[in-house]
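Structural overview
The chain contents come next:
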Amino acid sequence: WRSLALVIMSYVVGIIIELGFAIGNKEEVTEGMFVTCILYPMTLPPTIPFWMAGVGLAVGIILGKEVFGGTGRNIFNPAIVGRVFLAVTFPVHMASMWVAPFGGFPGGLVHWIKCGDAVSAASPLIDFKNGAPSCIIDMFTGATSGSLGETSAIIIIIFGTFLALTGVANWRLPLSTIVSAMALAAIMHGFNPETFASPLYHLVGGGLLFGAFYMVTDPVTCPFTNAGKWVYGFMIGAITIVIRNLSGFPEGMMFAILLMNMFAAVIDDAVLAVKFRKAGDS
């Protein structure tokens, strides 16, 4: 129930901020706001303080979108901007406020929040860095700790595939991201399996799948050329694994997406330059 309250709070804060800018700029509120307000809380730990989540969303919308002129003009994904702001400003809350999953029927539907010392449960990526990897089956089904939207790999895959098949999300983006991440993870795992997790562990643990299907596919901040989408996805997947394996951060998806947001237009320019040069040569 607290997770639902977090989503509701996100919509309240987001609508207030969006309405304020819309009225001030004499513009209409766009549907992109509703997408941001549901994706943003999915990237947060379930026990994050409400005020902290609200501040992060405000920063994401204002600095990630409104300063660029609003929806359609922003180069950064506002939900990711808010998430990264919280990760670097409140690292303790964002890296340790996890909740162990409830067991039995009806699970967490009769609880507001896990009580006592249960909030000390670690996420799968943190567990691996601590030398105690989580069960892959648990990560696949969702019986593990993590942010609201990243724990159940099977649910992410089912609905993410639906978005791709219906054309809501461009299939090239999640496919290239996942393939790139798995390839680099396999290479690094092959060299040092004790230090670097297996490709499957990386796939179902953390925010890789959620980011690939629901964040990388943001049509405003990704390249518009098909070739550019492949490059964009490949780079995000590779950077994610590099950050996870070689940095102090257990998760790297949010940083990879934000970094490549800056280069989306550059990638398109390069693709178009090559395309027109070939057309001119022919």
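Structure: above.
Rules behind the numbers
Residues numbered from 1 in each chain as written. Predicted model: local features only at pLDDT ≥ 70, side-chain atom pairs only at ≥ 80, totals over all residues. Heavy atoms only, no water. Helix = DSSP H or I, 4+ residues; strand = E, 2+ residues; numbered from the N terminus. Rg over C-alpha atoms; globule rule 2.2 N^0.38 Å. Buried < 20%, exposed > 50% of the residue type's maximum accessible area, 1.4 Å probe, protein only. Areas by Shrake-Rupley, 256 points an atom, 1.4 Å probe, with all protein chains shown as cover. Lys, Arg positive; Asp, Glu negative; His and termini not counted. Charge placed at Lys NZ, Arg CZ, Asp CG, Glu CD. Salt bridge = Lys/Arg side-chain N within 4 Å of Asp/Glu carboxyl O. Phe/Tyr/Trp six-rings, centres within 6.5 Å; stacked < 30°, edge-to-face > 60°. Lys NZ or Arg CZ within 6 Å of the ring centre and 35° of its normal. Axes fitted to C-alpha atoms, helices over the stretch in contact; angles between N-to-C directions. Parallel < 35°, antiparallel > 145°, perpendicular 65-115°, else oblique. Left-handed = near helix turned anticlockwise from the far one by under 90°. Contact = heavy atoms within 4.5 Å. Nonpolar A, V, L, I, M, F, W, Y, C, P; charged D, E, K, R; others polar.

In terms of helices and strands, the protein carries 14 helices and zero strands. When the helices and strands of the protein are listed from N to C terminus, the series reads α-α-α-α-α-α-α-α-α-α-α-α-α-α. For 282 residues, the compact-globule estimate of 2.2 N^0.38 gives 19 Å, and the C-alpha radius of gyration of the protein, at 19 Å, lies within 12% of that figure. Within the protein, the proportion of its 282 residues that are buried is 49%. Working note: accessible area of the protein is about 13,400 Å², and carbon and sulfur atoms make up 72% of it. Positive and negative side-chain charges of the protein, numbering 13 and 15 respectively, have mean locations separated by a distance of 4 Å.

Quick look at the pattern of salt bridges now. All told, the structure shown has two salt bridges when counted by the stated rule. The partner of Glu18 in a salt bridge is Lys65, with the nearest N and O atoms 2.4 Å apart. Here Glu18, found in helix H1 (residues 2-25), pairs with Lys65, found in the loop between helix H3 (50-64) and helix H4 (78-89); they are 47 residues apart in sequence, far enough to count as distant. Note on accessibility: Glu18 and Lys65 belong to one class, buried. One salt bridge in this structure joins Glu251 and Arg244, with 3.0 Å as the shortest N-O distance.

To continue, consider helix H13 (residues 253-261). With eight of nine residues buried, H13 is to be regarded as a mostly interior element. Inspection of H13 places Met253, Met254, Phe255, Ala256, Ile257, Leu258, Met260 and Asn261 among the buried residues, and these make up the whole buried set.

Moving on, we get to the packing of aromatic side chains. All chains considered together, the criterion is met by eight aromatic pairs. An angle of 90 degrees between the planes, with centres 5.6 Å apart, marks the rings of Trp51 and Phe90 as edge-to-face. Linking Trp51 in helix H3 with Phe90 in the loop between H4 and helix H5 (91-96), this pair joins segments that are 39 residues apart in sequence. Note on Trp171 and Trp230: the rings are 5.6 Å apart at their centroids and 80 degrees apart in plane angle, and the pair reads as edge-to-face. Note that Trp171 is positioned in the loop between helix H8 (153-165) and helix H9 (172-191) and Trp230 in helix H12 (residues 226-246), a separation of 59 residues in sequence. According to the relative accessible area criterion, Trp171 is partly exposed, its value standing at 41%. Residue class for Trp230 comes out partly exposed when judged on its relative accessible area of 28%. Taken together, the aromatic side chains of Trp171, Trp230 and Phe234 make up a single cluster linked through ring pairs. Directly above the aromatic system of Phe50 lies the positively charged group of Arg2, at a separation of 4.3 Å from the ring centroid.

Let's shift gears to the packing of H8 against helix H11 (residues 208-215). It is at 10 Å that the axes of H8 and H11 come closest, and there the two elements cross at 15 degrees. On the basis of their axis angle, the class for H8 and H11 is roughly parallel. The two elements H8 and H11 cross, and the hand of that crossing is left-handed. For the pair H8 and H11, contact is made by Ala153, Ile155, Ile156, Ile157, Phe159, Gly160, Thr161 and Leu163 and by Leu209, Phe210, Phe213 and Tyr214, respectively. Classifying every residue of the contact of H8 with H11 by side-chain character gives 10 nonpolar, two polar and no charged.

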